[in-house]
Structures are given as C-alpha cells and as structure tokens.
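# Notes for the structure review
Residue-level listing of the chains:
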Amino acid sequence: MTWISIYTGIGWLIRIAMIPAILRRQLAPGASVAWLGIIFLHPYIGGFLYMLVGETRLGPRRVERHREMIARFRHPGPDGPKSLSVRETDVPAEEANRARALNLSAAYEPMVLQAEKISGMPVLAGNSVQFHCESGQLVDCLIADIATATSHVHLLYYMFVGDATGARVVAALEAAARRGVTCRVLVDAVASRTFFHHVGPARRLIAAGVRVARALPVAPIQRQLPRMDLRNHRKLAVIDDRIAFAGSHNVIDPSYGGRRGAPWVDLTGRFTGPVVAELAIIFAEDWGFETSEMLEVKPPLPEPPPPDGGAPMQVVPTGPSAPGETFRRVFLAAMQCARHRVILTTPYFVPDEPTLVDLMMAADRGAEVKLLLPLTPDHLFTAAAGRAHFSRLLEAGVQIHLYRPGLLHSKTATVDDAFAIIGSANLDVRSFNLNFELSVLMYGAAVTEQLRQVQLKFLADCTPVTLEEWNARPAIRRYADSAISLLSPLL
C-alpha cells in the first residue's frame, strides 16, 4: 500500500467520522453544510479547523461550574452570599405584573418577559444613565469614580491594553489600592494577552495589591476550553456597588493600536440605581467562575429615586453556557415589538436567517428601520458576509447607513418610544452563539430618546446606501460577497 493510498484512506475515514459528529450537534442547516463542505473539500484541514473552532461549547466541566455560579448569585439559598432576590423559577405572569406595577405599557411586556426568561434578572425601577461616547471623557469619568471608591473597584474587560488609556486606568487602580480599596481586574485571556506580559499592566497591578485574573484561559494540551475562540466579550466596571459602567468601550486608545478603520467610536453608559446590583452580580459570577472566590453582592441600595423618577432597567447576560438563551432571542424579541421606528448600531453585521427575516418583517409592518454600520470595517471577510444581504434588506425597506468618521463600534438599539438596549453584543454569529455578552435594557420614552439622540448624531455622519447604487456595483464584488457569505455560520 502506497503512502498516497494511506493518505486518501485516512481522508475518507475523517469525512465519514465527521458526518455524525456534526449532525449530532444539531446545528443550523447552514452551519452544518458549511462544515461538511470544508471537511469534504479537504478532510485534514477541515478536521483540524473543526477541532480548533468547531465546538460551540465550553466543555462539560466549565459549563457546570458556570451554571453553579449563576445558581449561587441569581438564586441564592439561605446559606449563600447576599445577593439580589431573583426568582428560582420562571413565572411569566409575575414578571408581567411587575412590569405593570412599574407603569410599563403593554408594548413592553414581550421584551420584559423574554429578557426575564433568558437572564433571570427582574426589571428594577429608579435608575439613571449617562452616555459617554468620547473615549477620553469616559476614562476621565471612570477614573474620577474610582477615586471616590471606599470599598471595592471591579473591572471586567475584553481588551485591557498598556497604552496611554490603559496606563491612566492602571494608575487610578494603584492609587485606590494604596487607600485600602479592594480592586479586582478580570480580562479576557486571549484578547488581552499582552496585559499579562512581563512588561504589561498586570505586573504593576499585582505589585500594588490589585487582584488580577484571566477570563477563559486557553490550555490546548489539557483541552480545558474545547473551542479556543469562545471569549468573554463583556465590558463592565462596578464601583462600591453604587456606580457601574457597561457598553462597548474597552480599556484601550481609540486608535486600537492602528487597526483598520480607526478611530473606533464606542458608547458606554454610566449607571446608578438598583440596576447596579444586577451588574455587580455579573462580575461576581465571572470572577467566581475563574477564581473560585465568592464575592458578596449587596441587594439594591435603598436610595431615593432620581428627581425625574428614573427608568426601569434590566440586565441581560448571555453566553455559551446556556446555548438556548442567547442574545439572538433578545434581539428577535425587540424587533417583534417594533411598530414605528428602530435604529440599530453595530460594527459587525453577520445575520442569520431569523435575524434577516425579523428586520424585514419590522419594515413590512411599516416601522422605519435604520441600520448603522461602519463604512470602513476592520474585518474584511465579516463585512463582506454582511454586505451580501444588503440587497434583500434594502428591497424590504430597511435603511442602511455607513458611518464615515471612524469604525462605529457602538452596540445599541432603540425601539419606538418603548425601550433601548446598550451593551457588548454585535449582530453576528459570534455574539449570538459564542461569546459571553452583556446587555442592559432600558424602558420608557425618556431613556429611549436619550439614547436615540446619540444614535442620531452618529446618523448625521453617515452615508445612506440606496438600492440602485448597491445593485450597480461591479458583478465581481457582488459574487465575492455572496461567496464569502456562505461561510457566515463559521465567521
């Protein structure tokens, strides 16, 4: 038997073995076909890629540990840590009654119920938010709040880099630690790998007494993480359980190290009120998951409501430890509530079929749907996969606008005058299925308009895409986008 025969025979064994391996996962048909196509085209390369990034799971041990964290902090028993009182069972009627008690209109109820089902987090009234777009302004505000901390400072970021922005935050944490404030920093092990280099920020922070941990460290030999690109994509800061920051900013200069499309344009909310307790729970869960240190989370603070009464808000964390409870379901519920106007901003748009249909159905109902995307993306394949769907969306009446001044990295949604969403999740397969994401839902006309005004500023710097111009593109570009879109389930 020649080496060629052995090579060919093993290749066919890989092809045959991978068919049940892929089908048993019950993926969407598009993802299954894409993987089988790659494996049958080249079984060795396809099999390797599947082993590397094909499994959309954390692994049974990690899944179980993360679910234990959720049970401990969101549904604490009598001997568990102090935490926010959240029901252990799904009681839709109770949550609907809660929404009515908070004077939320019936239009909000489907969103409230869906978010409650996914997160286990109730709606809490009496919250305020300030939106920060400019990176320097946000860092100034974060540092000022760290300077007022008396108990603890908790930071969770996907990217924490030792550039000028990172150095400012590091200095603030060092000063807080010297005052006796307990500081904890959790960063993604892959996206922030330079953070842990011998000249990275971690060394300085540890020397100052700050507790530092990696989120989802990768150990390929031990296979602790079956899919290496399952990441903690959240951006969160909690200070004394009284102030929290959540949104899309990472701890990095707006240039993102000179990446394509820079400067990056983000949006983060500074939250006060009872919702901070829910955000504190998310940090405690992720910190406990990685370090086994169980933190105490205070219940909502009995502070008087803001002068305007504040807004009802609800935190919705999503991630691969609960594959059926994803950000896609949050987004689909939001679109199904839309009747008049929707504005969406996202840097990465790789929609699956349900997402496309939901957007087109909203336009069919007469809602004005505006989708804001970067004119110059940083990931060319991802952008091409999204562009392949532009014609369908434009034909359905969805308006697409391309942001010119930089890479629009804000992840936001406003729906009618009913509710708004800000967070870390993109409209792509990664945020839907793979990453740990964090979103905050904000209910009511006032806070929705507050976020919409920021979106309208983005819109003023956009170029609209017309169906005629889009269909007039060279055929080779249209075919290239369509070809790349075949890989959408894998991007």
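Residues numbered from 1 in each chain as written. Predicted model: local features only at pLDDT ≥ 70, side-chain atom pairs only at ≥ 80, totals over all residues. Heavy atoms only, no water.

Within soluble globular proteins, side chains that are nonpolar generally end up buried alongside one another. The biggest cluster of nonpolar side chains holds 48 residues, and the ones touching the most others in it are F131, L236, F271, L279, M313, V440 and M442. In terms of residue count, the dominant contributor to this core is helix α10 (residues 275-291) (10 residues). Here L236 is in contact with H154, L155, L156, Y157, F245, A246, L279, I282, F283 and L438, once residues within four sequence places are set aside. Formed by 46 residues, the second largest nonpolar core is a distinct cluster that contains Y108, V112, C337 and L344. (Core = buried A, V, L, I, M, F, W, Y, C linked by side-chain atoms within 4.5 Å. Buried < 20%, exposed > 50% of the residue type's maximum accessible area, 1.4 Å probe, protein only. Helix = DSSP H or I, 4+ residues; strand = E, 2+ residues; numbered from the N terminus. Contact = heavy atoms within 4.5 Å.)

Quick look at unusual backbone geometry now. For the bond from A262 to P263, the omega torsion is 5°, close enough to zero to count as cis. Examined against the element boundaries, P263 turns out to sit in the loop between β6 (243-247) and β7 (264-265). The phi torsion at L216 lies on the positive side, around 55°, for a residue other than glycine. By the element assignment, L216 lies in the loop between β4 (211-215) and β5 (235-239). Of note, the phi angle at Y256 is positive, near 50°, even though the residue is not glycine. Following the sequence through the fold, Y256 ends up in the loop between β6 and β7.

The next subject is the pairing of strand β10 (residues 341-345). Most of β10 is tucked away, with 4 of its 5 residues classed as buried. Pairing between β10 and strand β11 (residues 368-374): 5 bridges, direction parallel. Looking at β11, one finds that L344 is bridged to L371. In this region the chain leaves β10, passes through helix α12 (residues 353-364) and returns to the parallel neighbour β11; the handedness of that crossover is right-handed. (Pairing = 2+ DSSP bridges. Right-handed = clockwise from strand over helix to strand, strands pointing away.)

The next point concerns helix α6 (residues 109-119). Every buried residue of α6 is accounted for by E109, M111, V112, A115, E116, I118 and S119. Of the residues flanking the end of α6, it is G120, one or two places downstream, whose phi is positive at about 75°.

Glancing now at the pattern of salt bridges. The final tally for this structure, using the stated rule, is 15 salt bridges. Between R387 and D481 there is a salt bridge, and its shortest N-O distance comes to 3.1 Å. Taken together, the positions of R387 in helix α13 (residues 380-387) and D481 in helix α18 (residues 475-485) put the pair 94 residues apart, joining distant regions of the chain. A residue is classified by how much of its surface remains accessible, and R387, at 22% relative accessible area, is partly exposed. Salt bridges linked by common partners bring R184, R211 and E293 together as one network. (Salt bridge = Lys/Arg side-chain N within 4 Å of Asp/Glu carboxyl O.)

What follows deals with a nonpolar patch on the surface. On the surface, W12, I16, I19, L23 and F40 cluster together into a nonpolar patch covering about 470 Å² of accessible area. Here the nonpolar patch gets 4 residues from one element, more than from any other, and that element is helix α1 (residues 3-23). Relative accessible area serves as the criterion here: at 34%, F40 is assigned to the partly exposed category. (Patch = residues over 30% accessible without salt bridge, like charges linked within 9 Å, V, L, I, M, F, W, Y side chains within 5 Å. Areas by Shrake-Rupley, 256 points an atom, 1.4 Å probe, with all protein chains shown as cover.)

This part takes up the side chain of D481. Using a relative accessible area of 3% as the deciding quantity, one classes D481 as buried. Side chain to side chain, D481 and R473 meet in a polar contact 2.8 Å long. When neighbours within four sequence positions are excluded, D481 is seen to be in contact with A384, R387, A388 and R473. (Polar contact = N/O pair within 3.5 Å; in protein donor to acceptor, adjacent residues only side chain to side chain.)

Tallied over the full model, the rule gives 8 aromatic pairs. For the pair F283 and W287, a centre-to-centre distance of 5.7 Å together with 15° between the ring planes defines the contact as stacked. Highlighted residues: F283 and W287, both in helix α10, separated by 4 residues, approximately one helical turn. Under the relative-accessibility criterion, F283 is labelled buried at 1%. Residue W287 is classed as buried on the basis of its relative accessible area of 2%. (Phe/Tyr/Trp six-rings, centres within 6.5 Å; stacked < 30°, edge-to-face > 60°.)

In this section: the pairing of strand β9 (residues 311-318). Within β9, 8 of the 8 residues are buried, which leaves it mostly tucked inside the rest of the structure. Side chains of β9 alternate between two faces, with A311, M313, V315 and P317 and P312, Q314, V316 and T318 buried alike. With 2 bridges joining them, strand β1 (residues 124-132) and β9 adopt antiparallel strand pairing. The residue bridging N127 from the neighbouring strand is A311, located in β9. Taken together, the 6 bridges between β9 and strand β16 (residues 437-443) define a ladder with antiparallel strand orientation. Residue pairing for β16: T318 is matched across the bridge by E437.

Close inspection of predicted coordinates is inappropriate for parts of the model with low pLDDT. Looking at the chain, pLDDT values average 85 and 84% of them are 70 or higher. Low pLDDT (under 50) marks residues 77-91, which in the prediction has 33 contacts with non-local residues, meaning those over four places away or in another chain. (pLDDT = per-residue confidence, 0-100.)

Okay, the side chain of H401 next. Relative to the assigned elements, H401 resides in strand β12 (residues 399-403). Under the relative-accessibility criterion, H401 is labelled buried at 10%. In this view, H401 contacts K370, L371, L372, L373, L459, C462, T463 and P464; residues no more than four positions away in its chain are not counted.

Attention now goes to the packing of α13 against α18. In the contact formed by α13 and α18, the axes pass within 7 Å of each other and the chain directions differ by 100°. Judged on the interaxial angle alone, α18 and α13 are roughly perpendicular. Here F381, A384, A385 and R387 of α13 come into contact with α18, specifically with D481, I484 and S485. Its residues assigned to classes, the contact of α13 with α18 comprises 4 nonpolar, 1 polar and 2 charged. (Axes fitted to C-alpha atoms, helices over the stretch in contact; angles between N-to-C directions. Parallel < 35°, antiparallel > 145°, perpendicular 65-115°, else oblique. Nonpolar A, V, L, I, M, F, W, Y, C, P; charged D, E, K, R; others polar.)

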